[in-house]
Amino acid sequence: MRVRSSARAIAWCAAVLWVASVAGLASAAEGRQTLSLDQGWRFHLGDVTEGEKPEMVDADWRMLDVPHDFSIEGPPGADPATMEGPFDRKSPGGSGSGYLNGGIAWYRKTFTLPEDAKGKRVFVRFDGVYMDSDVWLNGVHLGKHPYGYTGFQYDLTPHLKPGANLLAVRVNVQQRCSRWYSGAGIYRHVWLTITDPVHVALWGTYVTTPEVLDAAAQVRVRTRVENEGAEGVKATLTTAIVDAGGKKIAEHQAAEQIAAGGSHEFDQALKVATPRRWSIENPYLYRAVSEVRVGDRLVDRYETSFGIRTIEFTAEKGFLLNGKRVQLKGVCNHHDLGCLGAAVHRRGIERQLEILKAMGCNAIRTSHNPPAPELLELCDRMGMVVMDEAFDEWIIPKSGMQYGYGRFFNEWSERDLVSMIRRDRNHPSVILWSIGNEIKEQAAPHGGTMAKRLADICHREDPTRLVTSGCNKVGPALQNGFIKALDVLSLNYFVGNYNSQRGQLLVAAETSSALSTRGEYGLTLKPDGQVAINTRANNQCVSYDMDRPHWGCTAEDSLLAIKNAPWVAGEFVWTGFDYIGEPTPYGWPSRSSYFGIIDLAGFPKDRYYLYQSQWTDKPVIHLLPHWNWKGFEGKEIPVWCFTNAESVELFLNGKSLGSKDFRDTKSLHLEWKVPYEPGVLKAGGKKGGQTIVNEVRTAGEPARLIVRPDRKQIAADGEDLSFVEVRIVDKDGNLCPNADNQITFGLEGPGTIAGVDNGDPTNHEPFKATKHKAFHGLCLVVIQAARTPGEIRLSATAQGLQSEPVAIITVSPAAEQ
């Protein structure tokens, strides 16, 4: 595949494969062990003197497992004069951090090497530590890593000793360091890798497909093998390609002399006959199994999952996957997982992707930083494409970011960008590299030079993908050469640019920014007795698609703009999920955002069904608002319907209120004015001959709780989660849309409560608790499995309401598979 200098004026095609960032577990006899170092860390919030020294006594430090986010927990002994729950009105992070504090913290872990590690190389790898971390082994400083979003590795070998060894990590989260909630601590996984001196390097496999045809795919595998031994060796690398059924379908062998302390990049060509292409509908994955031998001895075995596909961006047809046009129906997402904070939970990420895919979403923008490896692994497996983004800031700070990335950019930007690309460059899900978001240098004289430097690094490290950056200052960025440095122009908002920039490779990288709160409708009675919609009140935003900040637009307007500009590859909506921090348009007491299509607890807002009606072929009819409007009897309630039916007929208590369709409207929803009376509001329609119905009912008084785990069986691995929805319903099972009862949770068996939430952006109850109020009839409790199989019994109780406990079974990970 040729290296391109520019792809802005031509369509460009590439085929890329995925390499896993972590080799599969192997026995010591095979030369490599990859072991989790997540369990059994000692933690202390606050700075200490000589915390890196083994002789320091840490017996009174808290014992915990990582991933861990200490910011979500709030400080111990909080001052009630300024704080509510973990939220601090005087937090230096301000509203951007969700009023959650950072600070300095220490982690310490003692570990003992396996007996068979003698003569091996030993490495520790952190998937991510937020932020500005220092790491020591047995009191020896291994290094500093400022950026909180890139992984890094240290060689422990020279400083290990027989018996117990001590790792110490200090993190320093100075605020304001982020425009959104960052989290704090060792919030991603930690790994110990034990290898032979001759081994595959960190992120050492790079796989591409120079040609993909129906008959065969040419597969190129480049593998860097390092020799950290005392003598030169002749290393033989055998790479086999294995299909999803475990059958070996291709193999190549090569040998090379590697000097002591040196390395060699093997470059192997293989062929896959009649390849099954990775796609959104069928995300098929192969494996490359790389075995390194010295003489007859197997010294390393490294497995790589990959998918075969072609991608192309064009100026007139947008994005092509495997030669077919695919509209990018994407969302931007920050990395927090709501009540779980920034701590990585594979199941938490998977649940978010499942909810998004059911809406019709097929693309993720990792706003605005390299994601956890788990997100890309899940996107590969589930069929989601990704814009992989590196930075939110270069040198010029944003919004008063006194402690932002600009402090480190000159020294660290190339290292961090290379780290991201080498870790992620072979995920089939990744289709674009983004070097920034709304970078201030767009309007600076030197911005073009800086953008070209970063784009050139991307092209050097991975010439198979195009480079972009989210732009919100197109005029200045055209003048200073910033946009010229990009392969694809990513437009943030300002839909008029879709036409003015036509002829370039375009994607709408950030759209809409519509504002809403689940279950809020803002209906009020005016003095003349008419019903009005108050779009903002009590620090909430209405769930009708009516509200937006000054730079954005409603969801409907954004969808229509993209529909009318088919040359744009698609859009990434701001945002898929609400996130902690940045509670535009409010400040205190709001602590999380209103932008999400889905609320912070993972409950869809009404807007979810608008996107589902436009992004899927699934028949959709969704009515809003709810139908509990005591005091509005006889008043005309604005009723909206999100649908993709040909026409919809509305009924109130069995009486037809007429049919409507989209022939005489440019809107993406239908509207009625309905005089309120309690009962049943029902909508019916047809799509492709299929009848679809949706109804909302007037609910009575709260009578009981319905407890619904998303999964009743989870793995007893200490990590797996069950997300449990609690609904407050009347005696007939109708959701009570105004219920806010306090719910208390009890747990018996091998599990813990990992978090609670209700989706209310103003709620100040702790996320880590055993009780929580409902919000518009819904509450969430997240159950985390222990490492012992058994039965978890979860109870949810509220005063005066009936309820029954539910059982969640935890099984050994082997049985789960």
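What counts and how
Residues numbered from 1 in each chain as written. Predicted model: local features only at pLDDT ≥ 70, side-chain atom pairs only at ≥ 80, totals over all residues. Heavy atoms only, no water. Pairing = 2+ DSSP bridges. Helix = DSSP H or I, 4+ residues; strand = E, 2+ residues; numbered from the N terminus. Axes fitted to C-alpha atoms, helices over the stretch in contact; angles between N-to-C directions. Phe/Tyr/Trp six-rings, centres within 6.5 Å; stacked < 30°, edge-to-face > 60°. Buried < 20%, exposed > 50% of the residue type's maximum accessible area, 1.4 Å probe, protein only. Lys NZ or Arg CZ within 6 Å of the ring centre and 35° of its normal. Core = buried A, V, L, I, M, F, W, Y, C linked by side-chain atoms within 4.5 Å. Contact = heavy atoms within 4.5 Å. Disulfide = S-S within 2.5 Å. Parallel < 35°, antiparallel > 145°, perpendicular 65-115°, else oblique. Left-handed = near helix turned anticlockwise from the far one by under 90°. Nonpolar A, V, L, I, M, F, W, Y, C, P; charged D, E, K, R; others polar. Salt bridge = Lys/Arg side-chain N within 4 Å of Asp/Glu carboxyl O. Expected span 1.5 Å × (residues − 1). pLDDT = per-residue confidence, 0-100. Right-handed = clockwise from strand over helix to strand, strands pointing away. Polar contact = N/O pair within 3.5 Å; in protein donor to acceptor, adjacent residues only side chain to side chain.

### A short note on the sheet that holds strand β37 (residues 636-643)
Pairing within the open sheet is antiparallel, and its 3 strands lie in the order β36-β37-β40. Looking at the sheet topology across the chains shown, the edges are occupied by β36 (621-624) and β40 (669-675). Ignoring strand direction, the axes of neighbouring strands in this sheet form an average angle of 25°. Where β36 lies against β37, 4 bridges are found, and the strand directions are antiparallel. Bridging from a neighbouring strand, I621 pairs with T643 of β37.

### Focus on the packing of aromatic side chains
Going through the model one piece at a time under the given rule, you end up with 31 aromatic pairs. A ring pair is formed by F391 and Y405, whose centres lie 5.0 Å apart and whose planes are at 20°; its orientation type is stacked. You can see F391 sitting in the loop between β26 (385-389) and α3 (409-424) and its partner Y405 sitting in the loop between β26 and α3, a full 14 residues away along the chain. Judged by its relative accessible area of 0%, F391 is buried. One aromatic cluster is present, built from ring pairs that chain together Y130, Y147, Y149, F391, W394, Y405, F408, F409 and F482. Stacked on the ring of Y206, the Lys or Arg R425 has its end atom at 4.0 Å from the ring centre. Looking at R502, its charged tip hangs above the ring of W567, at a distance of 3.7 Å from the centre.

### Focus on the nonpolar core
When a protein is soluble and globular, its nonpolar side chains tend to lie buried together. Core analysis: the biggest nonpolar cluster contains 181 residues, and W41, F126, W394 and W627 have the highest contact counts within it. Those residues in contact with W627 that lie beyond four places of it in its chain are I637, V639, L652, V674, Y676, E677, G679, L681, V696, R697 and T698. If you look at the next biggest cluster of nonpolar residues, it comprises 24 residues, including A739, F745, V756 and V806.

### Concerning α3
Buried within α3 we find F409, W412, S413, D416, L417, V418, S419, M420, I421, R423 and D424. The elements touched by buried residues of α3 are β10 (140-145), β14 (198-212), α2 (373-382), β26, β27 (430-437) and α4 (447-461).

### A look at the sheet that holds strand β39 (residues 655-661)
Judged by pairing direction, the sheet is antiparallel, and its 4 strands sit side by side in the order β39-β38-β41-β42 without closing on themselves. If you trace the sheet from one side to the other, it starts and ends with β39 and β42 (690-697), each paired once. Here the strands of the sheet are splayed against their neighbours by 20° on average, with no regard to which way each runs. Relative to β39, strand β38 (residues 647-652) runs antiparallel, the two being bridged by 5 bridges. When the sheet's bridge partners are listed, V648 is paired in β39 with K660.

### A short note on the state of the cysteines
Tallied over the full model, the rule gives 0 disulfides. Unpaired in terms of disulfides, C361 finds its nearest cysteine sulfur in C379, a separation of 8.8 Å. The class of C361 is buried, set by a relative accessible area of 3%.

### Remarks on the packing of α3 against α4
Following both chains from N to C, one finds α3 and α4 inclined at 30°, their axes separated by 10 Å at the closest point. With respect to α4, the axis of α3 lies roughly parallel. Our pair here, α3 against α4, has a crossing hand that is right-handed. For the pair α3 and α4, contact is made by F409, S413, E414, L417, V418, I421 and R422 and by M450, R453, L454, I457, C458, R460 and E461, respectively. Here the residues of the contact of α3 with α4 sort into 8 nonpolar, 1 polar and 5 charged.

### Describing the environment of K635
Along the chain, the position of K635 falls in the loop between β36 and β37. Residue class for K635 comes out partly exposed when judged on its relative accessible area of 30%. A sequence separation of 40 residues divides K635 from P675, and the C-alpha atoms of the two residues are 4.9 Å apart. Not counting residues up to four positions away in its chain, the partners in contact with K635 are L525, G529, V531, V674, P675 and Y676.

### As for the pattern of salt bridges
Within this structure, the stated rule accounts for 50 salt bridges. In this structure, the salt-bridge partner of D456 is K452, at a minimum N-O distance of 2.7 Å. With a gap of 4 residues between them, D456 and K452 both fall in helix α4, about one helical turn apart. The shortest N-O distance in the salt bridge between E725 and R708 comes to 3.8 Å.

### Digging into α4
If you check α4, its first and last C-alpha atoms are 22 Å apart, about what 15 residues at 1.5 Å a residue would give, namely 21 Å. Within α4, burial applies to G447, G448, M450, A451, L454, A455, I457, C458, H459 and E461. Taken together, the buried residues of α4 touch β14, α3, β27 and β28 (466-471).

### A word on the confidence of the model for the protein
Detailed reading of the predicted coordinates is not advisable wherever pLDDT falls low. Scored by pLDDT, the protein has a mean of 94; 95% of the residues are at 70 or more. Confidence drops under a pLDDT of 50 for residues 1-29, and excluding neighbours within four residues, the segment shows 113 contacts in the predicted structure.

### As for the pairing of β28
The buried count for β28 comes to 6 of 6 residues, which makes it a mostly enclosed element. Residue alternation in β28 divides its side chains into two sets, L466, T468 and G470 and V467, S469 and C471, and both sets are buried. Here β27 runs beside β28; their pairing, made up of 4 bridges, is parallel. Residue pairing for β28: S434 is matched across the bridge by T468. In this region the chain leaves β27, passes through α4 and returns to the parallel neighbour β28; the handedness of that crossover is right-handed. For β28 and strand β29 (residues 489-492), the ladder comprises 2 bridges, and the chain directions are parallel. By the bridge assignment for β29, G470 is matched with S490.

### Some points on unusual backbone geometry
Looking along the chain, the bond that leaves S367 and enters H368 is cis, with omega of -10°. With respect to the helices, strands and loops of the structure, H368 is situated in the loop between β25 (363-366) and α2. Note that the residue after L624, namely P625, is joined by a cis bond; omega there is 10°. For P625, the position within the fold is in the loop between β36 and β37.

### Focus on the side chain of S592
Note that S592 resides in the loop between β35 (568-574) and α8 (607-615). Here R591 takes part through its side chain, which lies 2.9 Å from a polar atom of the side chain of S592. Each residue touching S592, except ones within four places of it in the same chain, is listed here: Y579, I580, G581, P583, L600 and P761.

### Some thoughts on the environment of Q153
Position of Q153 relative to the elements: it lies in strand β11 (residues 152-155). On the basis of relative accessible area, Q153 is assigned to the partly exposed category, the value being 26%. Considered as a pair, Q153 and M63 are 90 residues apart in the sequence and their alpha carbons are 24 Å apart. Those residues within four positions of Q153 in sequence are excluded, and the remaining contacts are F123, V124, R125 and L202.

### Here's the deal with the packing of helix α1 (residues 346-359) against α2
At a minimum axis distance of 10 Å, the contact between α1 and α2 shows a crossing angle of 40°. As summarised for this structure, α1 and α2 are arranged oblique, according to the angle between their axes. Relative to α2, the crossing made by α1 is right-handed. Counted together, R346, I349, E350, L353, E354 and K357 of α1 and E374, L375, E377, L378, C379, R381 and M382 of α2 form the full contact between these two elements. For the contact of α1 with α2, the residue count by class is 6 nonpolar, no polar and 7 charged.

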